[in-house]
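So the chains spell out like this:
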Amino acid sequence: MIIDAHCDLLYQLWRYNYDLNSSECLQFDLNKWRNSPVQIQAFAIFVPDYLPQQKQYDVALQMIEIFYEQLIIPNQDIIHIKSKQDLDQLQPDQLGAILTLEGCHPIGTDLNKLIKIINYGVRMVGLTWNNDNAVADSIMSAKRGGVTAFGREVIQVLNQKQIWTDVSHLSINGFYDVLDQAKHVIASHSNAFTICQHRRNLDDQQIKALVERDGLIGLTFVPEFTKSNQPVHIKDLFKHIDHFINMGAENHLIFGSDFDGITETIEGLSTVSDYYRLQEQMEKHYSQSIIKKIARENFLKRFSHQR
Ligand SMILES: [Zn+2]
């Protein structure tokens, strides 16, 4: 059983109206999910930053509607995981769906909008995407600012509600501000900078800091975060896993594929069903104990902190 902390299916469904049951255009559809070892998947509410600010919140709500009306309500075997209790009650023949927010730009400067989004059952909130917002600056911007005064209030809300603060996409200064302020920290989809020098990856100091704060790190399948030159193979991901383990992150590593958030994919790892192939290759390289930790145990242990 595998848990995956990040995918962008909701965005694809909102943007293109694909057939959720089975679509050649989706890396993650229901048919592929049911034919994969993934039992629990996090689904991000990701609002494109090109939309005017006043429309962004409405689009976030539209994606939540898609989550309920297309994923949860019509599919009896798919359970919305909002709490530890939901997780404990999940049956082997059921699939779990966790709702997350990628980037706080849709809330503007309105804490009530954040609270309303959270109340739909969101368990993980990324402070930024690739754009700066009222909460913090992004790693992709030149400004390099940290968490703002408003961002501090956002993190307080997340702490009160025992929700993960997600540092993937966040500026370096923002990252360390979150580590100072947030109770539950995750980098849901980032690889190791030492292995692939992309800004979106975590440097060694960040990895150490996340381990010290008992955070989680989601190994991601974005080819350009895995290896600087193409093609990228599954074994290239193992260099990241090895590095994270060498940095002491064995008990903190999880998966955060980013399926449907990427256009290019790693060879042999282009849909959620290909997790079988990844698993097979991991079994040749790693002990069962390490595989189980990355696949689910590290996540399950931390989710138990949540209400
Ligand atoms: Zn992302």
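This text goes with the structure placed above it.
Rules and cut-offs
- Residues numbered from 1 in each chain as written.
- Predicted model: local features only at pLDDT ≥ 70, side-chain atom pairs only at ≥ 80, totals over all residues.
- Heavy atoms only, no water.
- Helix = DSSP H or I, 4+ residues; strand = E, 2+ residues; numbered from the N terminus.
- Expected span 1.5 Å × (residues − 1).
- Buried < 20%, exposed > 50% of the residue type's maximum accessible area, 1.4 Å probe, protein only.
- Contact = heavy atoms within 4.5 Å.
- Axes fitted to C-alpha atoms, helices over the stretch in contact; angles between N-to-C directions.
- Parallel < 35°, antiparallel > 145°, perpendicular 65-115°, else oblique.
- Left-handed = near helix turned anticlockwise from the far one by under 90°.

**Q** Mind showing me how you'd approach helix α10 (residues 234-246) here?
**A** A turn of α-helix holds 3.6 residues, and therefore any two residues three or four places apart point the same way. With 13 residues, α10 extends 19 Å between its outermost C-alpha atoms, agreeing within 8% with the 18 Å of an ideal straight helix rising 1.5 Å per residue. Every buried residue of α10 is accounted for by Ile 234, Asp 236, Leu 237, Phe 238, His 240, Ile 241, His 243 and Phe 244. Looking at the buried positions of α10, the neighbouring elements they touch are α8 (204-212), β8 (216-219), α9 (223-226), β9 (253-255), α11 (275-285) and α12 (288-303). Trailing α10 by a residue or two, Gly 248 shows a phi angle of about 85°, which is positive.

**Q** Explain unusual backbone geometry to me, please; I cannot follow it from the model alone.
**A** Glycine aside, negative phi is the norm for most residues, and most peptide bonds take the trans geometry. Here the residue pair Gln 230 and Pro 231 is connected by a cis peptide bond, since its omega of -10° sits within 30 degrees of zero. The backbone phi angle of Asp 258 is positive, close to 75°, even though this residue is not glycine.

**Q** Before we go on, may I ask you to explain the packing of α10 against α11 in this structure?
**A** When two helices pack together, their arrangement is given by the angle between their axes and by how far apart the axes lie. Running from N to C, α10 and α11 point in directions that differ by 55°, and their axes come no closer than 11 Å. Accordingly, the angle class assigned to the pair α10 and α11 is oblique. Considering how the two elements wind past one another, α10 and α11 form a crossing that is right-handed. Listed contacts from α11 to Ile 234, Lys 235, Leu 237, Phe 238 and Ile 241 of α10 are Arg 277, Leu 278, Gln 281, Met 282 and His 285.

Nothing here speaks to function; it is geometry throughout.
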